[in-house]
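# Survey of secondary and tertiary structure
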Amino acid sequence: MMGYIADGTLSHSFNKRKSDLEEKVEEWRNMCVWVATSAIIWVCVVFFILSANTGNEWADIFINGIKSSPLFFLLGFTIAQYQKERNLLEEYAFRESVAVTLTAYLEQMPEKEDIEKRNLLISTVEQLYTKPIIANKEYGLLKFDTKDLSDTSKTLKELIDALLNKK
């Protein structure tokens, strides 16, 4: 019976964190809707009211696109934050379900010795208390990897050299 009490206590801590995250997920979801609506309205304002009139249609589209872009970067940021919070919520919900069923699962293994069950219990609890996977991942709207940057610059140099050698 003590195992079930421990499971309940363990799952309660994950449930509390999950509840806290549900509020944040809802906030970021609302923010995504607000920013998306604002971006659409801003694009309409920029292209129809504040339009650049340079005489060149492509230049006007380019300038208006630049004027509109900040809200789309903000939209990308809010969507990325929403995804991070949602992934954390899923992770804590999973941990809660594992914590609740841990003792019952161990009782379903009567052929296993107590040492094997204890080792399984210890390894499971250790995994439950590791950092969430989301904390180990890098998220960002714009990420610059130096290796990718150097590879791209080498390719660009080769293309330029090839074009200059053709002339």
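These figures come from a predicted structure and were not determined experimentally. (Residues numbered from 1 in each chain as written. Predicted model: local features only at pLDDT ≥ 70, side-chain atom pairs only at ≥ 80, totals over all residues. Heavy atoms only, no water.)

## A look at the overall build of the protein chain
Counted only if it meets this: Secondary structure elements follow DSSP: runs of H or I of four or more residues count as helices, runs of E of two or more count as strands, with numbering from the N terminus. Burial classification: accessible surface area is computed with a 1.4 Å probe over protein chains only, and a residue below 20% of its type maximum counts as buried, one above 50% as exposed, and the rest as partly exposed. Should any heavy atoms of two residues lie within 4.5 Å, those residues are considered in contact. Throughout, the Shrake-Rupley method with a 1.4 Å probe supplies accessible areas, and for residues the shown protein chains are the sole cover considered.
For the protein chain, the count of helices and strands is 5 helices and 0 strands. The buried share of the protein chain, reckoned over its 167 residues, is 22%. Here the contacts in the protein chain between residues at least 6 apart in sequence split such that 75% fall between residues at least 24 apart. Here the protein chain displays about 12500 Å² of accessible surface, and carbon together with sulfur accounts for 63% of that area.

## A look at the packing of aromatic side chains
Where we set the bar: We call Phe, Tyr and Trp rings a pair once their centres come within 6.5 Å, taking the six-membered ring for Trp, and we label the pair stacked below 30 degrees between planes, edge-to-face above 60, and tilted otherwise.
For the structure on display, the rule yields 1 aromatic pair. Aromatic pair Trp28 and Phe77: ring centres 6.0 Å apart, planes at 80°, arrangement edge-to-face. Of the two residues, Trp28 sits in helix H1 (residues 2–48) while Phe77 sits in helix H2 (residues 57–107), which places them 49 residues apart along the sequence.

## So, the environment of Leu89
Residue position: Leu89 is located in helix H2. Distance in space between the C-alpha atoms of Leu89 and Leu21 is 5.9 Å, their sequence separation being 68 residues. Contacts of Leu89, omitting those with residues within four sequence positions, involve Lys18, Leu21, Glu22 and Val25.

## Points about the pattern of salt bridges
Operational definition: Salt bridges are identified by distance alone: a Lys or Arg side-chain nitrogen within 4 Å of an Asp or Glu carboxyl oxygen.
Counting across every chain of the model gives 3 salt bridges. A salt bridge links Lys24 to Glu27; its shortest N-O distance comes to 3.8 Å. Taken together, the positions of Lys24 and Glu27, both in helix H1 and 3 residues apart, correspond to about one turn of that helix. By relative accessible area, which is 40% here, Lys24 ends up partly exposed. Taking the shortest distance from any N to any O, the salt bridge between Glu90 and Arg86 comes out at 2.9 Å. On the criterion of helical spacing, the pair formed by Glu90 and Arg86 is a turn pair, its members being 4 residues apart in helix H2.

## Points about the nonpolar core
Under the convention used in this document: To define a nonpolar core, start from buried Ala, Val, Leu, Ile, Met, Phe, Trp, Tyr and Cys residues and group those joined through side-chain atoms within 4.5 Å.
Of all hydrophobic cores here, the largest spans 5 residues; its members are Leu21, Val25, Leu88, Leu89 and Tyr92. Listing elements by their share of this core, those giving two or more residues are H1 and H2. With 3 residues, H2 is the largest single contributor of residues to this core.

## Concerning the side chain of Asp60
Heads up, the rule is: The positive count covers Lys and Arg only, the negative count covers Asp and Glu only, and His and the chain ends enter neither.
For Asp60, the position within the fold is in helix H2. Nearest to the buried, unbridged Asp60 among oppositely charged side chains is Lys67, at 8.4 Å. With sequence-adjacent residues up to four places away left out, Asp60 is seen in contact with Ala52, Asn53, Thr54 and Gly55.

## Structural notes on the side chain of Glu85
Note on placement: Glu85 falls in helix H2. Not counting the four nearest positions on each side in its chain, Glu85 is found in contact with Leu21, Lys24, Val25 and Trp28.

## Considering the confidence of the model for the protein chain
Threshold: Known as pLDDT, the predictor's per-residue confidence is scaled from 0 to 100.
Residues at a pLDDT of 70 or more form 62% of the protein chain, whose mean pLDDT is 75. The spread of mean pLDDT over the elements of the protein chain runs between helix H4 (residues 133–136), the lowest at 55, and H2, the highest at 83. For residues 1–8, every residue scores under 50 in pLDDT, and the model assigns this stretch 9 contacts once sequence neighbours within four places are set aside.

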